[in-house]
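# Secondary and tertiary structure notes
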Amino acid sequence: MLQRDRPRDVRRTLGQFWTPDPIAELMVRWALHDEPGRFLDPGAGPLTFLRAARRTVGERRVSCVAFELDPDLVRAARAVRPPGACDVRAEDFLSATARFPGLPVVCNPPYSRHHLLRDGVKEALVERTARTFGFRPSRFLGAYGWFLLRALETTGGTSRLCFITPLELLTSRSGLELFRALPEALWPRRVIVFGPEFDAFPGVDATAAISCIDPQAAAAGKRALLVLREWPGVEPLRRWLEARAASPAPTGCGTVLPLELGERPSIVPDAAETSLHRQPLFRCARVVRGVATGANAFFLFDRARRRASGLPAQLFRRVIARARDATRLVLSTADLEALERRGRPTWLLALPRGTVPTGALARWLSAGEQSGLAQRPLLSRRRPWWTTEARDPPPILFTYLSRGDPRFVLNEAGAVALTTFLVLRPLPAPPGVPPADWLACLAAALNTPGTLASLARHGRSYGGATRKIEPRELERIDLPALDELPPPVLRVLARRARSWLGEPAREPRRMAAARWEDELRGELAKLS
Ligand SMILES: C[S@@+](CC[C@H](N)C(=O)[O-])C[C@H]1O[C@@H](n2cnc3c(N)ncnc32)[C@H](O)[C@@H]1O
């Protein structure tokens, strides 16, 4: 059953969104030790986990007990054959009383926050937890926290539990209190977080995390958390989950971080390094907004319009008008020419104060004046109204309003950028470093996964939606302290950066940025 088939209000109240197949496969395979068996799915939806288990472990070798409240989904689940494959309970899992001792649990509970749970339901859950586990959880615990407690109670907390929830389950105050109050064996051994660059659940405004609780092996090896930036495949991740030691991430797919018992985990790579070899952006660049023309239709020109206007070429500056026009991490003159051939405006009528309008320009300005431009909000404050604020072209542009793909663009074309960009004006290169190498290193460091993770912490909205960040906020993101490196190292890093900054395809570029970041970290570590 497709998610979009469900009415929107049902979807919202019941927290309905389905787990993508590869993630579901990973979760069931881990929970079942990759062997035939039966498991509990406390919010089953369209039986995503049972279907995944049948595909990977074997059609007739797995079965489940499924709780579900939505009557349509219950009906569909009851039609599953053979009948023993799925024991469907049309019941609220949070108030159900049946016990399933020793059954592994695979669950994607509703993401609903605490205020969607009725007070009476919460009160009953608090009392029930006090009786079973001897503590009273916070009433601010989200539905997913209660699902976990109920799953532990109902199975006895001796089997594997695999939960996909908002990361808040592990980082919020109420979530931490919960884990601290439970026996140590129930603290997750492994957690996989879908990092800022990996939008596993488009449209869901939360960072998702898979918590793997393994009461029988809790003390085995070190606990670890993996922040994924891309999907390496089910098998490498399953092996990572099973490894006793905290092994490195499957190649290039993310960063492994410590998961300390009882502590709030950090998903920022090398957070401990923030002071060591990392520094805020304002130490090496100033950030301002791009140019506001006040009337794009009047000041922006494509090739045909510029020719037809008869205005002299020296009155124009090259311009990049929208983030979508800068798809790579380098903007070259050739890119602007390609845009121009496609009819995009790439010229800005840039008139400095003191310009004396004559001929075609005088006619153009008078037409603008007649159409009331001089009275427009922004333009009426300028003296004269047609002066533009186009200053020197900024060396680095940032696409600050971008859905899921924020990027820092090296402005080799020397274009003026409009307000759809924030612009970075780096401080001079350190002695002995050629300015072009310095800019390449800076642009590369800004596009590394570590810096983009810092961006996610400082931006306004996050989780697959449009990200917004103000110039002062952007100045506070942290990036590797490039200026601590000797000039010869920076020159080598600049050469390597150039090999991927121009790459048009997003995926290979992300991989290359991650490798470059590893190399840079290695160089910085040598300084310690
Ligand atoms: C996030 S969806 C996950 C569905 C499916 N397991 C998956 O991963 O694709 C959560 C499901 O739990 C159901 N649900 C919500 N509250 C419930 C409750 N209190 N008891 C049982 N099921 C519930 C919703 O209708 C929804 O189908």
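Residues numbered from 1 in each chain as written. Predicted model: local features only at pLDDT ≥ 70, side-chain atom pairs only at ≥ 80, totals over all residues.

Next up on the list: the overall build of the protein chain. In terms of helices and strands, the protein chain carries 18 helices and 22 strands. When the backbone C-alpha atoms are referred to their principal axes, the protein chain occupies close to 90 × 55 × 40 Å. Counting only contacts in the protein chain whose residues sit at least 6 apart along the sequence, the fraction spanning at least 24 positions is 75%. (Helix = DSSP H or I, 4+ residues; strand = E, 2+ residues; numbered from the N terminus. Contact = placed C-beta atoms within 7 Å.)

If you check the domain split of the protein chain, you get domain 1 (3–216) and domain 2 (285–351 + 388–525). On a C-alpha basis, the centroid separation for the pair domain 1 and domain 2 is 42 Å. (Domains from an automatic or database assignment.)

Moving on: the site of the ligand. Taken together, 22 residues are adjacent to the ligand, and Trp18, Gly43, Gly45, Thr48 and Asn108 come closest. Tallied by class, residues from the shell around the ligand come to 11 nonpolar, seven polar and four charged. (Near = placed C-beta within 6 Å. Nonpolar A, V, L, I, M, F, W, Y, C, P; charged D, E, K, R; others polar.)

This brings us to the sheet that holds strand 13 (residues 316–320). If you trace the four strands from one edge of the open sheet to the other, you get 12-15-13-19, paired in mixed fashion. Since the sheet does not close on itself, it has two edges, and those belong to strand 12 (300–301) and strand 19 (416–417), each with one partner. (Pairing = 2+ DSSP bridges.)

With that settled, consider the nonpolar core. In terms of nonpolar packing, the biggest core is built from 76 residues, with Met27, Val28, Phe49, Val105 and Val193 touching the most fellow members. Sorting elements by how many residues they give to this core places helix 6 (residues 143–155) first, with eight residues. With residues up to four places along the chain from it excluded, the contact list for Val28 reads Phe39, Phe49, Ala52, Ala53, Thr56 and Val106. (Core = buried A, V, L, I, M, F, W, Y, C linked by C-beta atoms within 7 Å. Buried ≥ 20, exposed ≤ 12 C-beta atoms within 10 Å, placed from the backbone.)

Moving on, we get to helix 17 (residues 487–501). Taking 1.5 Å of rise per residue, 15 residues should cover 21 Å, and helix 17 covers 20 Å from first to last C-alpha, within 8% of that figure. Those residues of helix 17 that sit buried are Leu490, Leu493, Ala494, Ala497 and Leu501. The arc that holds every buried residue of helix 17, seen down its axis, measures 110°, which confines them to one face. Opposite the buried face of helix 17, by more than 90 degrees, sit the exposed residues Pro488, Arg495 and Ser499. Along its buried surface, helix 17 packs onto strand 14 (330–331), strand 18 (408–411), helix 14 (435–446) and helix 18 (506–525). (Expected span 1.5 Å × (residues − 1). Arc of directions from axis to C-beta.)

Next up on the list: the pairing of strand 3 (residues 86–89). Taken residue by residue, a regular strand's side chains alternate between the two faces of the sheet. Side chains Cys86 and Val88 project from strand 3 onto a buried face, and the interleaved Asp87 and Arg89 project onto a face without burial. Note: strand 2 (residues 62–67) against strand 3, four bridges, orientation parallel. Across the sheet, residue Val65 finds its bridge partner in strand 3, namely Asp87. After leaving strand 2, the chain enters helix 4 (residues 71–78) and then returns to the sheet as strand 3, a path that is right-handed. (Right-handed = clockwise from strand over helix to strand, strands pointing away.)

The five strands lie next to each other as 11-20-16-18-14, forming an open sheet whose pairing is mixed. In this open sheet, the two edge strands, each paired with only one partner strand, are strand 11 (285–289) and strand 14. Where strand 16 (residues 396–398) lies against strand 20 (residues 422–426), three bridges are found, and the strand directions are antiparallel. Pairing of Leu397 across the sheet is with Val423, part of strand 20. Relative to the sheet, helix 14 contacts strand 16, strand 18 and strand 20, its axis offset from that of strand 18 by approximately 165°. (Axes fitted to C-alpha atoms, helices over the stretch in contact; angles between N-to-C directions.)

In contact at an axis separation of 10 Å, helix 17 and helix 18 are set at 170° when each is read in the N-to-C sense. Taken together, the axes of helix 17 and helix 18 are roughly antiparallel relative to one another. Residue-level contacts link Val489, Leu493, Arg496, Ala497 and Trp500 of helix 17 to Arg509, Ala512, Ala513, Trp516, Leu520 and Glu523 of helix 18. Of the residues belonging to the contact of helix 17 with helix 18, the class tally is eight nonpolar, no polar and three charged. (Parallel < 35°, antiparallel > 145°, perpendicular 65-115°, else oblique.)

Here we come to the environment of Ala443. Summarising the element assignment, Ala443 is placed in helix 14. By the C-beta count within 10 Å, which is 26 here, Ala443 ends up buried. Residues contacting Ala443, with those up to four places away along its chain left out, are Leu329, Ile396, Phe408, Leu410 and Leu501.

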